[in-house]
Amino acid sequence: MKGVYLLHFQPGYKHARHYLGYADDIERRLQEHRSGQGARLTEVAIHAGCELLLVRIWPDRGRRFERKLKDRKNAPKLCPICAGLLEPSAP
Ligand SMILES: [Zn+2]
């Protein structure tokens, strides 16, 4: 699936708890993140023992939308786990 996605780090890595990104193939990108590739932040988080949970997808949104969300700097409000809507253990 193509679109913008949000990863929640469980537990958080230092002050970072989320990664927001865009990918043509989110499932493949997630596997890259989980194997320690794809982005510096997810790489260090994985090596620190964090689990990367895919908590939200905006299908068919592009890089401009990704940029817009990043500029808002309110990932916790976008994240269903941090908003208390989803248990961290949920699949
Ligand atoms: Zn979160």
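Residues numbered from 1 in each chain as written. Predicted model: local features only at pLDDT ≥ 70, side-chain atom pairs only at ≥ 80, totals over all residues. Heavy atoms only, no water.

Below, the discussion takes up the pattern of salt bridges. Per the counting criterion, the structure on display carries 5 salt bridges. Of the charged contacts in the structure, one is a salt bridge between E43 and R40, with a shortest N-O distance of 3.2 Å. Separated by 3 residues within a single helix, E43 and R40 lie in helix α2 (residues 40-47), roughly one turn from each other. Close ionic contact of E66 with R63 constitutes a salt bridge, the shortest N to O distance being 3.7 Å. Of this pair, E66 and R63 both sit in helix α3 (residues 63-72), 3 residues apart, roughly one helical turn. Linked through salt bridges whose partners overlap, the residues forming this network are R63, E66 and K70. (Salt bridge = Lys/Arg side-chain N within 4 Å of Asp/Glu carboxyl O. Helix = DSSP H or I, 4+ residues; strand = E, 2+ residues; numbered from the N terminus.)

What follows concerns the nonpolar core. Among the nonpolar cores identified, the biggest contains 14 residues, and Y5, L7, F9, Y13, Y19 and A45 are the most heavily contacted of them. Listed by contribution, the elements that provide at least two residues to this core are β1 (3-13), β2 (16-23), α1 (26-34) and α2. Here the element with the most residues in this core is β1; it accounts for 4 residues. Leave out the neighbours within four places in its chain, and Y5 touches Y19, L20, G21, Y22, A23, I26, R29, H33, L54, R56, I57 and W58. Membership of the second largest hydrophobic core comes to 12 residues, among which are L20, Y22, L69 and C79. (Core = buried A, V, L, I, M, F, W, Y, C linked by side-chain atoms within 4.5 Å. Buried < 20%, exposed > 50% of the residue type's maximum accessible area, 1.4 Å probe, protein only. Contact = heavy atoms within 4.5 Å.)

The element β1 is largely enclosed, with a buried count of 8 among its 11 residues. For β1 and β2, the ladder comprises 7 bridges, and the chain directions are antiparallel. The residue bridging V4 from the neighbouring strand is Y22, located in β2. Hairpin connection between β1 and β2: a loop of 2 residues separates the two successive antiparallel strands, and K14 in this loop has a positive phi of roughly 50°. (Pairing = 2+ DSSP bridges.)

With that out of the way, let us pick up the coordination of the zinc ion. Protein-derived coordination of the zinc ion comes from H8 (ND1), H18 (NE2), C79 (SG) and C82 (SG), at a distance range of 2.0 to 2.3 Å. Read N to C, the donor residues that coordinate the zinc ion are spaced as H-x9-H-x60-C-x2-C. You can call C79 buried: its relative accessible area is 0%. The exposure class assigned to C82 is partly exposed, which follows from its relative accessible area of 31%. (Donors = N, O, S within 2.8 Å, 3.2 Å for Na, K, Ca; no water.)

A separate point is the side chain of H33. Counting through the fold element by element, H33 comes out in helix α1. Apart from residues lying up to four places away in sequence, H33 is in contact with Y5, L7, Y19, G38, A39, T42, I46 and L52.

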